[in-house]
Amino acid sequence: MAGRFEGKRILVTGGGGEIGTAIARRLAGEGGLVILTDVAVGRSEETAQAIRSSGGNAWAFSMDVTSPSSVASALDQAEQATGGPLFGAVTAAGVLKIFDFLDLPKENWDLTMNVNLTGTFLVFQEVGRRMVDTGVKGRIVGISSVSGRGGRPNVVDYAASKAGVISLVRSAALALARYGITVNAVCPGVVDSEMTRKVHQGRAALKGITLEESLASMVSTIPLGRIQTPDDVADVVAFLLSDDAGYMTGQSLNACGGLEMD
Ligand SMILES: NC(=O)c1ccc[n+]([C@@H]2O[C@H](COP(=O)([O-])OP(=O)(O)OC[C@H]3O[C@@H](n4cnc5c(N)ncnc54)[C@H](O)[C@@H]3O)[C@@H](O)[C@H]2O)c1
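Parameters at a glance
Residues numbered from 1 in each chain as written. Predicted model: local features only at pLDDT ≥ 70, side-chain atom pairs only at ≥ 80, totals over all residues. Heavy atoms only, no water. Pairing = 2+ DSSP bridges. Helix = DSSP H or I, 4+ residues; strand = E, 2+ residues; numbered from the N terminus. Axes fitted to C-alpha atoms, helices over the stretch in contact; angles between N-to-C directions. Contact = heavy atoms within 4.5 Å. Salt bridge = Lys/Arg side-chain N within 4 Å of Asp/Glu carboxyl O. Buried < 20%, exposed > 50% of the residue type's maximum accessible area, 1.4 Å probe, protein only. Domains from an automatic or database assignment. Buried area = accessible area lost by both parts, 1.4 Å probe. Polar contact = N/O pair within 3.5 Å; in protein donor to acceptor, adjacent residues only side chain to side chain. Nonpolar A, V, L, I, M, F, W, Y, C, P; charged D, E, K, R; others polar. Core = buried A, V, L, I, M, F, W, Y, C linked by side-chain atoms within 4.5 Å. Parallel < 35°, antiparallel > 145°, perpendicular 65-115°, else oblique. Left-handed = near helix turned anticlockwise from the far one by under 90°.

### Here's the deal with the sheet that holds strand 5 (residues 139-143)
In step 1: Strands sit in the order 3-2-1-4-5-6-7 across an open sheet of 7 strands; the sheet is parallel. Strands with a single pairing partner mark the edges of an open sheet, and in this sheet they are strand 3 (57-62) and strand 7 (252-255). Neighbour-to-neighbour, the strand axes of the sheet open up by a mean angle of 20°, direction not taken into account.
In step 2: In terms of strand pairing, strand 2 (residues 33-38) meets strand 3 through 6 bridges, oriented parallel. Paired with T37 across the strands is F61, a residue of strand 3.
In step 3: Those strands touched by helix 5 (residues 156-176) are strand 5, strand 6 (182-188) and strand 7, and its axis lies near 160° from that of strand 6.

Structure (structure tokens):
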């Protein structure tokens, strides 16, 4: 399994999700030692097992990204299991729930901010500290969203959290640049996933149309004319973790079929 990530230890949070799974498989397929973590660790364990069965290297640990002690403890376990320090980290943990702006409960705002923004901060910070301590010139990649680039009246909290990740990437990149650590993000568009089906179920209900009609009208707005796959996201994450992106930091790349161009 020779490849761009041969022998490199790379953390993937939200490893039980559809995008986290695709990223983990891609990195392991290119020789990475992949550490999948998730608050619900079952699906991460299945993916880690599948990667090992096909000759790759993967481990799964429980991690709640909203808890500093859970983040630190999962990283301790990962370093112990893999026998060395992290080279990279990808933060794919996230939550999304549909509410119209006027109905959005504060509890949901708080949950979304906690997982999507505070959780990304806590992982960036802990991973950054460990890379600095071990002298690793590592790579950190966040998963933001094109929702963080504009207004989203039915996922107000989600859009704000993802805009926050774009800002966090810039600040963390500046803080860690002198250690040779890069920090970037990917902003996916509309990914063929459970999260997208949930969004469109909510939109369809608000508009009085079917899920299929809502999805079809969204796809018609994508310049490249098709929905994004989790592998499309994994391609860009792998690029940002690779040597090819060694001179990039503080960037959030739109990978969205042309939906967003700024
Ligand atoms: N699906 C899309 O269309 C889309 C588009 C743009 C961006 N994104 C982003 O990509 C990332 C992955 O999305 P996905 O489609 O794989 O979603 P998903 O719901 O399949 O996966 C998200 C994972 O995060 C985990 N998680 C939730 N709370 C957590 C916590 N406190 N600690 C640790 N893990 C937690 C969940 O258990 C789940 O396994 C998310 O950040 C999402 O916002 C998704």
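Alright, that's what it looks like, and here's the rest.
### Concerning the pattern of salt bridges
In step 1: One pass over the full model with this rule turns up 11 salt bridges.
In step 2: Here E79 makes a salt bridge to R130, at a shortest N to O gap of 3.1 Å. Taken together, the positions of E79 in helix 3 (residues 68-82) and R130 in helix 4 (residues 106-134) put the pair 51 residues apart, joining distant regions of the chain.
In step 3: On the basis of relative accessibility, which here comes to 24%, the residue E79 falls in the partly exposed class.
In step 4: Between K106 and D110 there is a salt bridge, with the nearest N and O atoms lying 2.6 Å from each other. With K106 and D110 both in helix 4 and 4 residues apart, this pair spans about one turn of that helix.
In step 5: If you follow the salt bridges from partner to partner, you end up with D76, E79, E126, R129 and R130 in one network.

### Section: the domain arrangement of the protein chain
In step 1: When the domains of the protein chain are assigned, the result is domain 1 (9-188 + 229-252) and domain 2 (190-227).
In step 2: One C-alpha centre belongs to domain 1, the other to domain 2, and the line joining them spans 25 Å.
In step 3: In this assembly, 13 residues from domain 1 lie in contact with 14 residues from domain 2.
In step 4: On the domain 1 side of the interface with domain 2, the three residues burying the most area are E18, L96 and I98, jointly 44% of the side's total.
In step 5: For D232, the salt bridge goes to R226, with nearest N and O atoms at 2.8 Å.
In step 6: The interface formed by domain 1 and domain 2 holds 3 residue pairs in polar contact (both at pLDDT 80 or more) in total.
In step 7: Those elements giving two or more residues to the side of domain 1 that touches domain 2 turn out to be helix 1 (18-29) and helix 8 (230-241).
In step 8: Of the residues forming the side of domain 1 that touches domain 2, the biggest block, 3 residues, is contributed by helix 8.
In step 9: The residue inventory of the side of domain 1 that touches domain 2, partitioned by class, reads 8 nonpolar, 3 polar and 2 charged.

### A word on the nonpolar core
In step 1: The biggest cluster of nonpolar side chains holds 32 residues, and the ones touching the most others in it are I23, L27, V34, V90, V186, V237 and L241.
In step 2: Looking at this core, the elements with two or more residues in it are strand 1 (9-13), helix 1, strand 2, helix 2 (42-53), strand 3, strand 5 and helix 8.
In step 3: When residues no more than four places from it in sequence are discounted, the contact partners of V90 are I10, L11, V12, T13, I23, V141, I143, V237 and L241.
In step 4: One finds V65, V71, I140 and V169 within the second-largest nonpolar core, a separate group that totals 27 residues.

### Brief notes about the packing of helix 4 against helix 5
In step 1: Packing of helix 4 against helix 5 brings their axes to within 9 Å, and their N-to-C directions diverge by 15°. By the angle between their directions, the pair helix 4 and helix 5 is classed as roughly parallel. Every pair of crossing elements has a handedness; the one defined by helix 4 and helix 5 is right-handed. In contact with N108, W109, T112, M113, N116, L117, T120, F121, F124, G128 and V132 of helix 4, helix 5 contributes V156, D157, Y158, A160, S161, K162, G164, V165, L168, V169, A172 and L176.
In step 2: Looking at the contact of helix 4 with helix 5 residue by residue, the class counts come to 14 nonpolar, 7 polar and 2 charged.

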